[in-house]
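Next come the chains, spelled out residue by residue.
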Amino acid sequence: MQDSTYVAQLQRDLKQLGFAVVGTADGDFGGRTFWALREFQSYSKYATVAQLNGTSGPLFDRLVPVMTGANRYQGHVDGIANTETRTLLEHWLGSDWRCPVVINVWKLSSSGAKKSLEAQNLWQYNDHDVSSSTVAFFAHDLSGHFPHTGVLADGTTLLGRYIKYTGFGGPLSNPPLFTQPSAEITPETLIGRSYPQLSPAEQSTFRVVRAVSEVECLGFFDCINAYDSAIASIGPCHWTLGLVKRSNGVGQVYDGELCGTLAYAAWQSQAAFDFYFSFFGVNVRDDWIDQNGIPSGKRLFSQSLRKYASWLAFPDENGDYKPVPCAEQDGNYFKSWHWIYRFTAAMRESQALRSAIWDVARIRLRDVGSIPINVSGVSRRVDEVFTSEKARALLHRWHIYRPAQIASSGPGQALRRMAQLATQSSVSGGWVRDPTGWTDAHEKALIAAIDQTVQELGNTDLKNTVAYLESWPSWKHGTNPRNYQLSDGLAKLSAKRNSFMFHNAALPPKPYR
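Quantities reported herein were computed from a predicted structural model and do not represent experimental measurements.

The rules behind the values
- Residues numbered from 1 in each chain as written.
- Predicted model: local features only at pLDDT ≥ 70, side-chain atom pairs only at ≥ 80, totals over all residues.
- Heavy atoms only, no water.
- Helix = DSSP H or I, 4+ residues; strand = E, 2+ residues; numbered from the N terminus.
- Rg over C-alpha atoms; globule rule 2.2 N^0.38 Å.
- Buried < 20%, exposed > 50% of the residue type's maximum accessible area, 1.4 Å probe, protein only.
- Contact = heavy atoms within 4.5 Å.
- Areas by Shrake-Rupley, 256 points an atom, 1.4 Å probe, with all protein chains shown as cover.
- Lys, Arg positive; Asp, Glu negative; His and termini not counted.
- Charge placed at Lys NZ, Arg CZ, Asp CG, Glu CD.
- Pairing = 2+ DSSP bridges.
- 1 Å grid on protein atoms, 1.4 Å probe; cavity = no way out; pocket = protein on both sides within 12 Å on 5 of 7 lines; lining within 4 Å.
- Points joined across faces, edges and corners; volume = space filled by probe spheres on them.
- Nonpolar A, V, L, I, M, F, W, Y, C, P; charged D, E, K, R; others polar.
- Axes fitted to C-alpha atoms, helices over the stretch in contact; angles between N-to-C directions.
- Parallel < 35°, antiparallel > 145°, perpendicular 65-115°, else oblique.
- Left-handed = near helix turned anticlockwise from the far one by under 90°.
- Phe/Tyr/Trp six-rings, centres within 6.5 Å; stacked < 30°, edge-to-face > 60°.
- Lys NZ or Arg CZ within 6 Å of the ring centre and 35° of its normal.

Participant: Help me get a handle on the overall build of the chain, residues and values and all.
Facilitator: The helix and strand inventory of the chain stands at 16 helices and 20 strands. A compact globule built from 513 residues should have a C-alpha radius of gyration of about 24 Å, and the chain, at 25 Å, falls within 12% of that. If you line up the chain on its principal axes, its C-alpha atoms span 85 × 50 × 45 Å. Across the 513 residues that make up the chain, the buried fraction comes to 57%. At a minimum sequence separation of 6, the contacts of the chain that also span at least 24 residues come to 65%. Carbon and sulfur atoms make up 48% of the accessible area of the chain, which amounts to about 20,300 Å² in all. Between the averaged position of the 50 positive side-chain charges in the chain and that of its 47 negative side-chain charges there is a distance of 7 Å.

Okay, here's the thing in structure tokens:
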């Protein structure tokens, strides 16, 4: 692929077919051309694409659905202009076929309705970098590939808006305007059953996960952040796809926990993972199953941080998956509006993926609970020491936010400080005896120690977290700006000793002893 004349023509063809992510036809086969070919191959696998029908008006008004039939791509999504890909490019050009998904930007009225079209056929996260709450991105999809919840009356899907962030910027979909009520984290959407149908342990665990999710993803599966160094953050722990760190202006992507979650989902529900991810030529670099065939996540597990992280992989021409390059610009491909649309569809539609997410949230609670902690000279476990819903929710959020402070090579600095502060409190029976005999007074001292450690660190986000979880669910009897519909299990998180009942059924083996 060194012939610049051929490459320039390829780039012009891809752009004509709607794959504007290719950029300018400069004859250089770089990252954007690679991405555009991958997108063409992905959409060429669809049963239905779009056909140009008309010469005037907005692009999406000039498109009609058309069946691909025998002209459906069968190869790997590898970004290579192989024989099949070149043949299909010619067929698309000769048939006036087009990409079936068009991302448009609309100016909104005060009521949130579409007012005027500002830009069309957007791809990259910063193609229209106007940070305004009255400018929104919509997906116009003629393919029918996703059985989409959240499609508006005009057939489009509201995705979110662009926001600027220090040194970064990108898509944001936050409630209530850019999320769907059906994607709120409820017992039905997370576990598949209503709250009264859950066991007491399931109810308690759900309450902790849900309360913390309101801090993380604002309580919605389809609340997606793709505007900061995390590339994209999704789910009740707002797992990050990858973390960008810059040195001398050059960004490098480091492993993210969302990839760990996706690796678990691929093991637990291969069909769902294949539909939403492998179909588009994306896999996780590391398997959830370890080298001994045990589904423990050991390949992804950090013993010192108690978290599972990995990065993504693309197939080569033989279908063998190889790691995606770790440069920032490669990570930014997954902030593109077409990938935001795919993430949104997955979170709104797939109960199988949501069930996997429930498991991974519980795995975190299990793994944090197993951290050793010294209390008055005696080695304990976190789940022996902190046993109330409130304490475990606070530690859960803290570990999501700053895992090293809780788990670095054993008990992290913050966790050690909590134990030190708590044992300075004078409680009946002291702190040396077996924690099974500790009382509500012990738990109160432990929660106070968490609060004091937060104050000592002076971290505003953690201070706000403590305040939010202390008052959860304040929206039940006050204002409800996110339009939550959850109606069961809304008592305050209990501070009583042993009030947290952990639902540990059907979790995979631990990757540690």
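There is more to say, and it comes next.
Participant: Got a sec to walk through the sheet that holds strand 17 (residues 312-315)? Specific residues and values, please.
Facilitator: Read from one edge of the open sheet, 3 strands run 14-17-18, paired in antiparallel fashion. Across the chains shown, the open sheet's two edge strands, defined by having one partner strand only, are strand 14 (283-284) and strand 18 (321-323). Bridge count between strand 17 and strand 18: 3 bridges; the pairing is antiparallel. Across the sheet, residue Pro-315 finds its bridge partner in strand 18, namely Tyr-321.

Participant: Before we move on, could you go through the sheet that holds strand 2 (residues 63-67) and cite the residues and values that matter?
Facilitator: Spatial ordering of the open sheet is given by 2-1-3, a layout of 3 strands whose pairing is antiparallel. With one partner strand each, in any of the chains shown, strand 2 and strand 3 (97-98) form the two edges of the open sheet. Where strand 1 (residues 48-52) lies against strand 3, 2 bridges are found, and the strand directions are antiparallel. Each bridged residue has a counterpart across the sheet, and for Ala-50 the counterpart in strand 3 is Arg-98.

Participant: Outline the layout of surface pockets, listing residues and values.
Facilitator: Approximately 900 Å³ is the volume attributed to the largest pocket. Forming the walls of the largest pocket are 33 residues, and the residues nearest its centre are Glu-216, Thr-240, Arg-397, Tyr-401 and Arg-402. Of all the secondary-structure elements, those providing two or more residues to the lining of the largest pocket are helix 5 (200-216), strand 11 (239-240), strand 12 (242-247), helix 12 (389-401) and helix 16 (460-471). A total of 4 residues in the lining of the largest pocket trace back to one element, the largest contributor, which is helix 16. Taken together, the residues of the lining of the largest pocket break down into 13 nonpolar, 8 polar and 12 charged. Of the voids in this model, the second largest pocket is the one considered here, and its volume is about 250 Å³. Forming the boundary of the second largest pocket are 13 residues, of which Gly-369, Arg-381, Asp-383, Arg-392 and Phe-502 lie nearest the centre. Of the residues contributing to the lining of the second largest pocket, the split by class is 4 nonpolar, 4 polar and 5 charged.

Participant: Please set out unusual backbone geometry residue by residue, giving values where relevant.
Facilitator: Geometrically, the link from Pro-175 to Pro-176 is a cis peptide bond, its omega value of 0 degrees lying close to zero. Position of Pro-176 among the secondary structure elements: in the loop between strand 8 (168-173) and helix 4 (187-190). For the peptide bond that leads from Trp-472 to Pro-473, omega is -5 degrees, which places it in the cis range. Here Pro-473 shows up in the segment after helix 16. Positive phi is not limited to glycine here, since Asn-121 has a value of about 55 degrees. Structurally, the position occupied by Asn-121 is in the loop between strand 5 (114-120) and strand 6 (135-141). Judged by relative accessible area, which is 15%, Asn-121 ranks as buried.

Participant: Can you lay out the packing of helix 5 against helix 16 for me, pointing to particular residues and giving the numbers?
Facilitator: Relative orientation of the contacting elements helix 5 and helix 16 amounts to 140 degrees, with a least axis distance of 10 Å. Classified by the angle between their axes, helix 5 and helix 16 sit oblique to one another. Judged by the sense of rotation from one axis to the other, the crossing of helix 5 with helix 16 is right-handed. Of the residues in helix 16, those touching helix 5 at Ala-211, Val-212, Glu-214 and Val-215 are Thr-465, Tyr-468 and Leu-469.

Participant: So, the packing of aromatic side chains: which residues are in play, and what are the values?
Facilitator: Tallying each qualifying case throughout the model produces 40 aromatic pairs. Note on Phe-146 and Tyr-341: the rings are 5.5 Å apart at their centroids and 80 degrees apart in plane angle, and the pair reads as edge-to-face. Within this pair, whereas Phe-146 is found in the loop between strand 6 and strand 7 (156-165), its partner Tyr-341 is found in helix 9 (residues 337-349), the two being separated by 195 residues in sequence. Tyr-341 shares its class with Phe-146; the two are buried. Consider the rings of Trp-288 and Tyr-308, whose centres lie 5.0 Å apart with planes at 35 degrees: the pair is tilted. In this pair, Trp-288 is assigned in the loop between strand 14 and strand 15 (301-302) and Tyr-308 in strand 16 (residues 307-308), connecting sequence segments 20 residues apart. Among the residues examined, Trp-288 registers a relative accessible area of 3% and is labelled buried. A relative accessible area of 7% means that Tyr-308 is categorised as buried. Positioned above the aromatic ring of Phe-138 is the side chain of Lys-114, whose terminal nitrogen or guanidinium carbon lies 4.5 Å from the ring centre. It is Lys-245 that lies over the ring of Tyr-254; its NZ or CZ is 5.1 Å from the centre.

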